[in-house]
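Chain by chain, the residues:
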Amino acid sequence: MKCPSRISCIVCLLCISAVSCFSLDREAFTFTNYDLHVRLEPEQQRLGVRGKITLRNDAAAPQKIAVLQISSSLAWKSITVGGKTPPLLLQEYTSDIDHTGALSEAIVTLPQEVAPHGTVELVIGYEGVIPLDATRLTRIGTPEDAANSSDWDQISANFTAVRGVGYVAWYPTATEAANLSDGDSLSEELARWKQREGGSEMKVEFLDPTSASDAAGNVLCSGAIARLGNAAKTAAPQCDYGDISRSTPTFAMANYGNVSRPSITVFNLPTHAVAASAYADVAEQAAFVISNWFGTAH
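Residues numbered from 1 in each chain as written. Predicted model: local features only at pLDDT ≥ 70, side-chain atom pairs only at ≥ 80, totals over all residues. Heavy atoms only, no water.

(A) A look at the pairing of strand β6 (residues 102–114). Most of β6 sits out of view: 10 of its 13 residues are buried. Where strand β3 (residues 63–71) and β6 come together, eight bridges link them in antiparallel fashion. Its bridge partner being in β6, valine 67 is matched across the sheet by isoleucine 107. The sheet contact formed by strand β5 (residues 88–94) and β6 spans seven bridges and is antiparallel. Looking at the pairing, leucine 89 lines up with isoleucine 107 of β6. (Buried < 20%, exposed > 50% of the residue type's maximum accessible area, 1.4 Å probe, protein only. Helix = DSSP H or I, 4+ residues; strand = E, 2+ residues; numbered from the N terminus. Pairing = 2+ DSSP bridges.)

Below, the structure written as structure tokens:
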């Protein structure tokens, strides 16, 4: 295994030995909290992430091996526990959890065992590109146009929108392999992941990708716009995804505006402002009719 220049694979043989001697339980730990700082660079299709994650041992026995997975188009740059780099094994792991059909997996040997229900905090860093990629669909025979229409997630100068687990692993997860050609394998694995992650929380701070004071990028997430550029000079915008088992952490980046009505908010590109206003007006009228008919929720 060749270790990347910015990450030290200390005593990798110990990691390999531990994994071979004991059954690797990728689902032993639950990711209970994410505190991430994300830098988007659409012109380069790049995403860079630094931050902290908290893992809880939900297995019946103490655990000393933790598994972290991100998209295969991203690369691990640093993983530390208690300020030190633990022994690591980095490998590609085939799985259709990600649109590329594979994951960049880090198998981490923790400094000490984590008891059942105990937690451990890791400081992490990773980066790479998120281009349009429908490999997991095309390799099972899906026509390319249909595959790209389904797995449309990407970061680019013209279009940036990325969905989370089950589409793109842009934040760390840990799941067993899922295969679209194997019946309900993917849906069953995603269901187990969501069940384990019930109550887990994620906060993401999106950083201004440029030093220009007039940077024209807004990040849409959590049903609101996190403004970059001038508005981000005093404090970077933060997205609180809340319980990630209930809603898929997703972000989009563009120069968004919005049209607000009492019952609806429509986010739109500047060229679609008129259509967005018309849509909002129709939705407001429909909401009025429905509320008169069925009454309002209490």
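Having seen the structure, we can now continue with the description.
(B) Structural context of the sheet that holds β3. Taken together, the three strands give an open sheet; going across it, the order is β3-β6-β5, and neighbouring strands pair in antiparallel fashion. In this open sheet, the two edge strands, each paired with only one partner strand, are β3 and β5. Strand-to-strand twist across the sheet, computed as the mean angle between neighbouring axes with direction ignored, equals 30 degrees. (Axes fitted to C-alpha atoms, helices over the stretch in contact; angles between N-to-C directions.)

(C) Inspection of the packing of aromatic side chains at higher detail. Counted under the stated rule, the structure contains nine aromatic pairs. Their ring planes at 90 degrees and their centres at 5.0 Å tell us that tryptophan 170 and phenylalanine 251 sit as a pair that is edge-to-face. Separated by 81 residues along the polypeptide, tryptophan 170 in the loop between β8 (161–162) and α4 (185–196) and phenylalanine 251 in strand β13 (residues 251–254) bring together distant segments of the chain. Of the two residues, tryptophan 170 and phenylalanine 251, both sit in the buried class. Members of the aromatic cluster, each reached through a chain of ring pairs, are Phe31, Tyr34, Trp170, Tyr171, Trp193, Phe206, Tyr241 and Phe251. Positioned above the aromatic ring of tryptophan 152, the side-chain terminus of arginine 163 is 3.9 Å from the ring centre. (Phe/Tyr/Trp six-rings, centres within 6.5 Å; stacked < 30°, edge-to-face > 60°. Lys NZ or Arg CZ within 6 Å of the ring centre and 35° of its normal.)

(D) Just the state of the cysteines, in detail. On inspection of all chains with the given rule, the structure shows one disulfide. Through a disulfide, cysteine 221 is tied to cysteine 239; the S-S separation comes to 1.6 Å. Negative torsions about the S-S bond denote left-handed disulfides, and the value of about -60 degrees found for cysteine 221 with cysteine 239 makes this one left-handed. One end of the pair, cysteine 221, is in strand β10 (residues 218–221); the other, cysteine 239, is in strand β12 (residues 238–243), with 18 residues separating them in the sequence. (Disulfide = S-S within 2.5 Å.)

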